[in-house]
Amino acid sequence: MVATRPTVGVLALQGAFREHGLVLRGLGAEVREVRLATQLEGLDALVIPGGESTTMGKLMESYGLTEPLRRFAAGHPVLGSCAGLILLSRRTAEGAQPLLGMLDITVRRNAFGRQLHSFEGPVQLRFPGRPAETFPGVFIRSPWVEETGPGVEIIATYEDRIVGVRQGNLLGVAFHPELTDDNRIHRYFLEMAAEAAGSGAVETEVA
Amino acid sequence: MKEIGTLKVKTGLAEMLKGGVIMDVTNAEQAKVAEDAGAVAVMALERVPADIRADGGVARMADPEKIMEIQETVSIPVMAKARIGHFVEAQVLQALEVDYIDESEVLTPADEANHIDKWAFDVPFVCGALNLGEALRRVAEGAAMIRTKGEAGTGNVVEAVRHMRTIMGQVRWLGGLEESELFRAAKELQAPYELVRWVAENGKLPVVNFSAGGLATPADAALMMQLGAEGVFVGSGIFKSEDPSGRAKAMVEAATHFEDPEILARVSRGLKSAMAGLEIGTLGAENLIQNRGW
């Protein structure tokens, strides 16, 4: 285990990056905003926030962030929420848009419908090796996960829909834990970051 | 257990739009240009403010057919404007499932005393404000997002700056008051005491605050962000310029990299002509759109 507090980057191209930063700081992490590839240096983990996935994807491409983010995500814990989940995914049901293509899932964008259908509802959380728990889900024009590849664990469901997954060091949720007072998902993510740093996985997992 | 239309999901969508540019569009083709440039949302309306100003006449909600065409064309949120106080236009827009309703002074007001009761809707509303009191009155009526008004359709950022500085200054002023002085402050601002107290304690507006009205260049967008805007609306500034696509993309990049002058210099280069723009002093008080709303 690491004694020092982890340094977590939050991708700050657009969206609710400040809210993730507030939760992470509250849990003792050092937080840095990332807008350029050079700002990934020295980070232990990264959060890709909610926002507009098309906007963030275009800014990633225009500013040469796509490849550096892929390399980072291959060796460090990354949490994506909503648009962040979409950007981490390999495929969207709708087709072409810039993606990082790291999580072996197919995502359907705005799957629950337009804003009129945005909602709050109970999510069933199942972190691997832990008992099931309920989490306050805030879904805003949210995606869901339509297909998962081998090696992808389902960690959250809403009714019969997959709304959270983990694949190795990548964690993705379709809802917005950063808009609630409940920090369990961020805590779990920081535990992943501590484990990765402590086990030296940061170096060994780089493909 | 599933709840729609809660304050959290209404304000939550505004949180997701932060750091982004919302662009006025009048048809599906323009909406596509906006989306391709990286807009976080589009605002559907019949005529951009510069044309409303030039043509005169009553400006109303856009034709539902136009709005539906835009919804079918883009995957980003589609907003639309309703006239101040015109709650039936808002009902129509909710029935069309627009993602946000802008109760907008840019259209001709339908009620000169009352704004729409926005609590009665599940779709969220954004409203304009000149100052903190007006912003908090709109929040009290149920607005889930605020934008400073500026002076729409002028391509002149001076009023947007005035309104943003006014609101940010008033927020700082409240933060310096003693608790016993907040009652008088609420009276002066003509805003509910509970909201005034919330702002004093938290040092910010209770909802996301964007800038609007007169932004025409990437530097204008970055200026408003540095002054405290959490994102920007661009109306006539894009589709009244010579190269809408290039300018739209530059403004998106400026909103993200608003504190990086080297990037701002690069994205500002070679954009061709901005919209012509108007001097506010020549308009006359009766032609100022910003004074609509109460």
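Residues numbered from 1 in each chain as written. Chains lettered and ligands numbered in written order. Predicted model: local features only at pLDDT ≥ 70, side-chain atom pairs only at ≥ 80, totals over all residues. Heavy atoms only, no water.

Draft legend 1. Seen up close, the confidence of the model for chain B. Per-residue confidence for chain B gives a mean pLDDT of 96; residues scoring 70 or more make up 100%. With pTM at 0.96, the complex prediction returns an ipTM value of 0.95. (pLDDT = per-residue confidence, 0-100.)

Draft legend 2. Structural context of the interface of chain A and chain B. Between chain A and chain B, the residue contacts involve 38 residues of the former and 45 residues of the latter. In total, about 3300 Å² of surface goes out of reach between chain A and chain B, with carbon and sulfur atoms giving 56% of it. Between chain A and chain B we count three salt bridges in total. Among the salt bridges present, the one from Glu230 of chain B reaches Arg18 of chain A, with a minimum N-O distance of 2.9 Å. Listed by contribution, the elements that provide at least two residues to the side of chain A that touches chain B are α1 (17–26), α2 (53–62), β7 (119–125) and β8 (133–139) of chain A. Residue contributions to the side of chain A that touches chain B peak at five residues, all from α2 of chain A. The residue makeup of the side of chain A that touches chain B, split by class, is 14 nonpolar, 14 polar and ten charged. Note that β7 of chain A and strand β1 (residues 3–4) of chain B share two bridges and pair antiparallel. (Contact = heavy atoms within 4.5 Å. Buried area = accessible area lost by both parts, 1.4 Å probe. Salt bridge = Lys/Arg side-chain N within 4 Å of Asp/Glu carboxyl O. Helix = DSSP H or I, 4+ residues; strand = E, 2+ residues; numbered from the N terminus. Nonpolar A, V, L, I, M, F, W, Y, C, P; charged D, E, K, R; others polar. Pairing = 2+ DSSP bridges.)

Draft legend 3. Fine view of unusual backbone geometry. Even without being a glycine, Asn110 of chain A presents a positive backbone phi close to 45°. Using a relative accessible area of 24% as the deciding quantity, one classes Asn110 of chain A as partly exposed. Unusually for a residue other than glycine, Lys272 of chain B sits at a positive phi of about 65°. Its place among the elements puts Lys272 of chain B in the segment after α13 (261–268). (Buried < 20%, exposed > 50% of the residue type's maximum accessible area, 1.4 Å probe, protein only.)

Draft legend 4. Quick peek at the side chain of Thr55 of chain A. Residue position: Thr55 of chain A is located in helix α2. Judged by relative accessible area, Thr55 of chain A falls into the buried class, the value being 2%. Not counting chain neighbours up to four residues away, the residues in contact with Thr55 of chain A comprise Gln14 of chain A together with Gly38, Ala39, Val40 and Val252 of chain B.

Draft legend 5. Representation of the packing of helix α8 (residues 182–189) of chain B against helix α9 (residues 193–202) of chain B. Residues and elements named next belong to chain B. Contact geometry of α8 with α9 gives a least axis separation of 9 Å together with a crossing angle of 115°. When the axis of α8 is compared with that of α9, the two are roughly perpendicular. By crossing handedness, the relation of α8 to α9 is classed as right-handed. For the pair α8 and α9, the contacting residues are Leu182, Phe183, Ala185, Ala186 and Leu189 in the first and Tyr193, Val196, Arg197 and Ala200 in the second. For the contact of α8 with α9, the class distribution of residues is eight nonpolar, no polar and one charged. (Axes fitted to C-alpha atoms, helices over the stretch in contact; angles between N-to-C directions. Parallel < 35°, antiparallel > 145°, perpendicular 65-115°, else oblique. Left-handed = near helix turned anticlockwise from the far one by under 90°.)

Draft legend 6. Local environment of the pattern of salt bridges. Taken as a whole and assessed by the stated rule, the structure comprises 34 salt bridges over all chains. Across the pair Glu19 of chain A and Arg18 of chain A runs a salt bridge whose closest N-O atoms are separated by 3.8 Å. By relative accessible area, Glu19 of chain A is classed as buried at 11%. Among the ionic pairs, Glu33 of chain A bridges to Arg35 of chain A, the shortest N-O distance being 3.1 Å. You can call Glu33 of chain A partly exposed: its relative accessible area is 37%. A network of salt bridges, in which partner residues are shared, links Glu103, Lys118, Glu134, Arg138, Glu141 and Lys149 of chain B.

Draft legend 7. Geometry of the nonpolar core. Of all hydrophobic cores here, the largest spans 119 residues; its most connected members are Leu46, Val163 and Phe175 of chain A together with Met23, Val42, Leu93 and Met224 of chain B. Excluding residues within four positions of it along the chain, Phe175 of chain A makes contact with Ser81, Cys82, Val123, Phe135, Gly137, Val138, Phe139, Ser142, Ala156, Val163 and Ile185 of chain A. Ranked by size, the runner-up nonpolar core spans 23 residues in total, among them Leu132, Ala186, Leu195 and Ala200 of chain B. (Core = buried A, V, L, I, M, F, W, Y, C linked by side-chain atoms within 4.5 Å.)

Draft legend 8. Structural context of the confidence of the model for chain A. Per-residue pLDDT for chain A averages 93, and the proportion of residues at 70 or more is 94%. Taken together, the stretch residues 201–207 of chain A has pLDDT below 50 and engages in eleven contacts with residues farther than four places along the chain or on a different chain.

Draft legend 9. Up close: helix α7 (residues 158–175) of chain B. Taking 1.5 Å of rise per residue, the 18 residues of α7 of chain B would be expected to cover 26 Å, and the 26 Å separating its terminal C-alpha atoms lies within 8% of that figure. Listing the buried residues of α7 of chain B in full gives Glu159, Ala160, Val161, His163, Met164, Ile167, Gln170, Val171 and Leu174 of chain B. (Expected span 1.5 Å × (residues − 1).)

Draft legend 10. View of the environment of Ala31 of chain B. Residues and elements named next belong to chain B. Here Ala31 lies in helix α2 (residues 28–37). Judged by relative accessible area, which is 0%, Ala31 ranks as buried. Between the alpha carbons of Ala31 and Ala216 there is a distance of 18 Å; along the sequence they are 185 residues apart. Once residues lying within four places of it in the same chain are set aside, the contact partners of Ala31 are Val25, Val42, Ile70 and Val74.

Draft legend 11. How the structure looks around the pairing of strand β4 (residues 78–83) of chain B. All names here are of chain B. Burial runs high along β4: six of the six residues are buried. Neither face of β4 is exposed, since Val78, Ala80 and Ala82 on one face and Met79, Lys81 and Arg83 on the opposite face are all buried. Inspection of the sheet shows strand β3 (residues 41–44) paired to β4 by three bridges, in the parallel sense. Bridge assignment links Met43 to a residue of β4, and that residue is Met79.

Draft legend 12. Quick peek at the side chain of Lys18 of chain B. If you trace the backbone, Lys18 of chain B turns up in the loop between α1 (7–17) and β2 (21–25). Residues within four places of Lys18 of chain B in sequence aside, it is in contact with Gln14, Gly15, Ala16, Arg18 and Glu19 of chain A together with Val208, Phe210 and Glu230 of chain B.

Draft legend 13. Focus on the packing of aromatic side chains. Residues and elements named next belong to chain A. Tallied over the full model, the rule gives 13 aromatic pairs over all chains. On the numbers, 5.8 Å between centres and 45° between planes, the contact of Phe135 with Phe175 is tilted. A residue pair is termed long-range when its members are at least 10 positions apart, and Phe135 in strand β8 and Phe175 in the loop between β12 (170–173) and α5 (184–199) qualify at 40 residues. Look at Phe135 and you get buried, because its relative accessible area is 1%. (Phe/Tyr/Trp six-rings, centres within 6.5 Å; stacked < 30°, edge-to-face > 60°.)

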